[in-house]
Amino acid sequence: MTSTPEVKPGRIPKLSSSVHDINAEKPPFGSRFLTQDSDVWTQNAWDHVPPPEDQTETITASLARQRLVPVPDDEKKNYNAKPAKYWDNFYKTNADNFFRNRKWLHLEFPELLAAAEPNAGDVTICEIGCGAGNAAFPLLTANQNPNLIIRAYDYSTHAVKLVQTNALYNSPPVGKIEAAVWDLSSLDTLPPGVEPETVDIIVLVFVLSALHPDEWGKAVANIHKMLKPGGLVLFRDYGRHDLTQLRFKSGRLLEDNFYIRGDKTRVYFFELDELALIFTGSRASPAQKTSTMTEVDADEDNESLPTSSQTASPASHTPADTPNPSSDDTLSLPSSGVSSDVHHNLLRPLAHCPPHPLFTIEQLGVDRRLLVNRKRQLKMYRIWMQGKFRKAE
């Protein structure tokens, strides 16, 4: 007697963004819903998967443990004095074996693909914190617009060298790409080749979290100065009480929600209200906040699986692609943790920042993803913030 081979369910494809427009009444087609707990391991992604009931206790315990042994004050000065040095070391160490192209950006931010259409006309896109070009080059590859200019900037000299030595950099199929060293937190200095109000779109992905909170004002001032009136910021970064934050060991806490990784690079974990205050000067209204919970298979997305001994993983630098949004009732889901307090710098006007309002919010949301390792039957909760901010006309 022969046994019938097991038929595995087909993978449900990812068809839409993880965070839908704040003005949309319904999420885009393609949401995926888990109706039977027994099905959890049959797919790589599910919408509406809440964190466990004891998540609040887990957060409280992790933060209390970290606060017992913060980074010594004399060491904080070293980490904050020359952060670009540590990013240079990071890119030298990981030049050949770390980075994945961020193709998911085109799904999250369709404005990028619209700019690459053949008849889109003159468009300038700046990616700040370009790293090895893992967002710029997929866009350049997809580009059909001969008038598209992609400008890539990073304060790591070695990262910019990685971009400039890429074959696509020297021979782009269509359009133009330029890269240079520039620090987003520079005071009154724009990137090489950029005049005030000449940029249409700024891509700011996992960048603001690398800055000290004292540098936020200078960063926003530079972004605002670069953009044309009506220009757009496409933003994604780490969310408060993400798995990566809770995994940090003792001796990593610089200040509340701000850490030093094992490779000495810095990372901050945001709340939605903090981002609203940084870009608009006001907290976000409930109607401006969206939230989605999804589940992703860590095996299939090739995202490294942190263990209890790790303080930072490749996921903490380069998250994998992002699943689908869920329906409107996610707006009533709990916040990302025990406290929604904003950084004390945001309780007053930011230093070196022009008076608000500088931007309006077009999208501001939380992407809560449940990573699943089906081989080890493990679940891990990730939290990212995503937004679109439009410069006032």
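Here the residue numbers are simple positions, counted from 1 along each chain's written sequence. Per-residue local features of the predicted model are confined to residues with pLDDT of at least 70, and side-chain atom pairs are confined, for both listing and counting, to 80 or more; whole-chain, interface and lining totals are unaffected and use all residues. Calculated side-chain values reflect all of the structure's heavy atoms, with hydrogen atoms and water omitted.

Student: I'd like to hear about the confidence of the model for the protein, residue by residue, with values.
Tutor: When pLDDT is averaged across the protein, the result is 78; 72% of the residues are at 70 or more. Below a pLDDT of 50 lies the segment residues 20–30, which in the model reaches 30 contacts outside its immediate sequence neighbourhood of four places, other chains included. By definition, pLDDT measures how confident the predictor is in each residue, and it falls between 0 and 100. Residues are treated as being in contact if the distance between any of their heavy atoms lies within 4.5 Å.

Student: For the side chain of T280, give the residues involved together with the corresponding values.
Tutor: A run of DSSP states H or I qualifies as a helix once it reaches four residues; a run of E qualifies as a strand once it reaches two. Both are numbered from the N-terminal end. Inspection of the secondary structure puts T280 in helix 11 (residues 272–280). Engagement of the side chain of T280 in a polar contact is seen with the backbone oxygen of A276, the distance being 2.6 Å. What qualifies as a polar contact is a pair of N or O atoms within 3.5 Å, subject to a donor-acceptor requirement within protein and to the restriction that residues adjacent in sequence count only when both atoms come from side chains. At a separation of 3.2 Å, a polar atom in the side chain of T280 contacts the main-chain carbonyl oxygen of S282. Those residues in contact with T280, other than ones at most four positions away along the chain, are H356, P357, F359 and I361.

Student: Kindly report on the pattern of salt bridges, identifying the contributing residues and their values.
Tutor: Pairing is possible between side chains that carry opposite charge, provided their charged atoms lie close to one another. For this analysis, a salt bridge means a side-chain nitrogen from Lys or Arg found within 4 Å of a carboxyl oxygen belonging to Asp or Glu. This structure, assessed with the given rule, holds 13 salt bridges. The salt bridge involving E178 is made with R151; its shortest N-O contact spans 2.4 Å. Of this pair, E178 sits in strand 4 (residues 176–181) while R151 sits in strand 3 (residues 148–154), placing them 27 residues apart in sequence. Only protein chains enter the calculation, and the probe is 1.4 Å; a residue is then buried if its accessible area is under 20% of its type maximum, exposed if over 50%, and partly exposed in between. We classify E178 as partly exposed; its relative accessible area is 25%. For R151, a relative accessible area of 12% puts it in the buried group. Between D273 and R283 there is a salt bridge, and its shortest N-O distance comes to 3.4 Å. Separated by 10 residues along the polypeptide, D273 in helix 11 and R283 in the loop between helix 11 and strand 10 (290–297) bring together distant segments of the chain. Residue D273 is classed as buried on the basis of its relative accessible area, which comes to 11%. With a relative accessible area of 46%, R283 lands in the partly exposed category. The network of salt bridges with shared partners includes R151, K176 and E178.

Student: Can you explain unusual backbone geometry? Please cite residues and give values.
Tutor: Residue P357 follows H356 across a cis peptide bond; omega there is 5°. Here P357 lies in the loop between helix 12 (298–301) and strand 11 (359–373). The phi torsion at E197 lies on the positive side, around 60°, for a residue other than glycine. Within the element layout of this structure, E197 appears in the loop between strand 4 and strand 5 (199–205). Positive phi is not limited to glycine here, since N257 has a value of about 70°. You can see N257 is positioned in the loop between strand 7 (253–255) and strand 8 (258–260).

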